[in-house]
Structure formats: structure tokens, C-alpha cells
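Below, each chain spelled out in residue letters.
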Amino acid sequence: VQLQASGGGLVQAGGSLRLSCTASGRTLSRYAVGWFRQTPGKQRELAAGITAGATTSYADSVRGRFTISRDNAKNTWYLQMNSLKPEDTAVYYCAATTKYSTIVVAAAHLYNYWGQGTQVTVSS
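For clarity, every value in this text was computed on a predicted model and none was experimentally measured. (Residues numbered from 1 in each chain as written. Predicted model: local features only at pLDDT ≥ 70, side-chain atom pairs only at ≥ 80, totals over all residues. Heavy atoms only, no water.)

## Points about the state of the cysteines
At step 1: Under the defined criterion, the tally for this structure stands at one disulfide.
At step 2: In this model Cys21 forms its disulfide with Cys94; the gap between the sulfur atoms is 2.1 Å. Taking the torsion about the sulfur-sulfur bond, which here is approximately 55 degrees, the covalent link between Cys21 and Cys94 counts as right-handed. Here Cys21, found in strand β3 (residues 17-24), pairs with Cys94, found in strand β9 (residues 90-97); they are 73 residues apart in sequence, far enough to count as distant. An identical accessibility class is assigned to Cys21 and Cys94; each is buried. (Disulfide = S-S within 2.5 Å. Helix = DSSP H or I, 4+ residues; strand = E, 2+ residues; numbered from the N terminus. Buried < 20%, exposed > 50% of the residue type's maximum accessible area, 1.4 Å probe, protein only.)

This is the structure in C-alpha cells:
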């Protein structure tokens with residue numbers, strides 16, 4: 001299974017970006033997926049997740065600004081990021097877990113498929 005993330009880049013504070021993650025090799029529509037982010041020296045943290053039934057969960061720091069969604073027909077999920085702040089600067093990783101379907105789990109070690117990471121940089 002491969003996850004291909006795209007959509008990162010450089011944006012000014014207050015701007016928007018949309019990340020996409022497409023899976024190949026296995027249909028992931030029955031499983032929970034999400035977006036993690038990581039900055040140097042810090043642990044990878046869950047920014048947003050979505051269950052197979054499209055229930056969403058967000059970190060407090062992004063709630064109200066980020067929206068996660070999925071298109072099962074395309075085996076793809078998205079992260080729409082609005083009102084971006086400099087503190088959102090990080091490498092963003094898409095991930096999927098085949099261990100959970102109906103809940104979003106925050107622990108990175110519970111996800112068994114990972115994308116390659118895409119850099120998001122927000123300038124002040």
C-alpha cells in the first residue's frame with residue numbers, strides 16, 4: 001500500500017492550503033484515516049482524523065480552521081486548512097489505520113500506513 005500526499009507549500013498567515021492523500025494498492029474506505037504533523041524536535045501529532053463513517057476529530061489547535069474529508073470513490077482524503085498561522089508550519093503526513101474503523105485514534109503507532117510527508121510553511 002502506498003500513500004501519496006500532495007498540496008503543501010508556502011503561504012502567508014491567514015491564507016489557505018488543501019492537502020490531498022491518495023492511497024493505492026488497497027481500498028481504505030472501511031478504515032479511519034488522518035493527517036499528522038511534525039516539527040523538528042517534537043513528536044508527530046494528529047491534526048485531524050476521519051472515520052469510515054465520516055465522523056471527524058480535530059486537535060484543539062486546528063479546530064474551526066481545518067476540515068478533513070474523504071472521497072472513498074477516489075481512495076483519497078483531504079485536509080482543507082484555512083486561516084493558517086505560523087505555528088501551523090510543519091511537515092504534514094497522511095496516515096491510515098486498518099485497526100480502527102469507527103473511532104479516530106491519536107497515537108501514531110496505531111497507524112500502519114504513512115505517506116511521505118509534505119511541507120507546509122506559513123510566513124508571518
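Text resumes after the structure shown.
## A closer look at the side chain of Asp88
At step 1: If you trace the backbone, Asp88 turns up in the loop between β8 (76-81) and β9.
At step 2: A polar contact is formed between the side chain of Asp88 and the backbone nitrogen of Lys85, at a distance of 2.8 Å.
At step 3: Setting aside anything within four residues of it in sequence, one finds Asp88 in contact with Arg37, Arg65, Phe66, Ser83, Val120 and Val122. (Polar contact = N/O pair within 3.5 Å; in protein donor to acceptor, adjacent residues only side chain to side chain. Contact = heavy atoms within 4.5 Å.)

## Regarding the pattern of salt bridges
At step 1: Overall, the coordinates contain four salt bridges when judged by the stated rule.
At step 2: One salt bridge in this structure joins Arg63 and Asp60, with 2.6 Å as the shortest N-O distance.
At step 3: Note on Arg63: relative accessible area 47%, which makes it partly exposed.
At step 4: In this structure, the salt-bridge partner of Asp88 is Arg65, at a minimum N-O distance of 2.7 Å. With Asp88 in the loop between β8 and β9 and Arg65 in the loop between β6 (56-58) and β7 (66-71), this residue pair connects regions lying 23 residues apart in the sequence.
At step 5: The class for Arg65 is buried, based on a relative accessible area of 11%.
At step 6: Taken together, the salt bridges that share partners define one network made up of Arg37, Glu45, Arg65 and Asp88. (Salt bridge = Lys/Arg side-chain N within 4 Å of Asp/Glu carboxyl O.)

## Let's talk about unusual backbone geometry
Most peptide bonds adopt trans geometry, and most residues besides glycine take a negative phi value.
At step 1: Look at Ala54: it is not a glycine, yet its phi comes out positive at around 70 degrees.
At step 2: Mapping Ala54 onto the fold places it in the loop between β5 (45-50) and β6.
At step 3: The exposure class of Ala54 is partly exposed, given its relative accessible area of 47%.
At step 4: Although it is not a glycine, Ser83 adopts a positive phi angle of roughly 50 degrees.
At step 5: The class of Ser83 is partly exposed, set by a relative accessible area of 41%.

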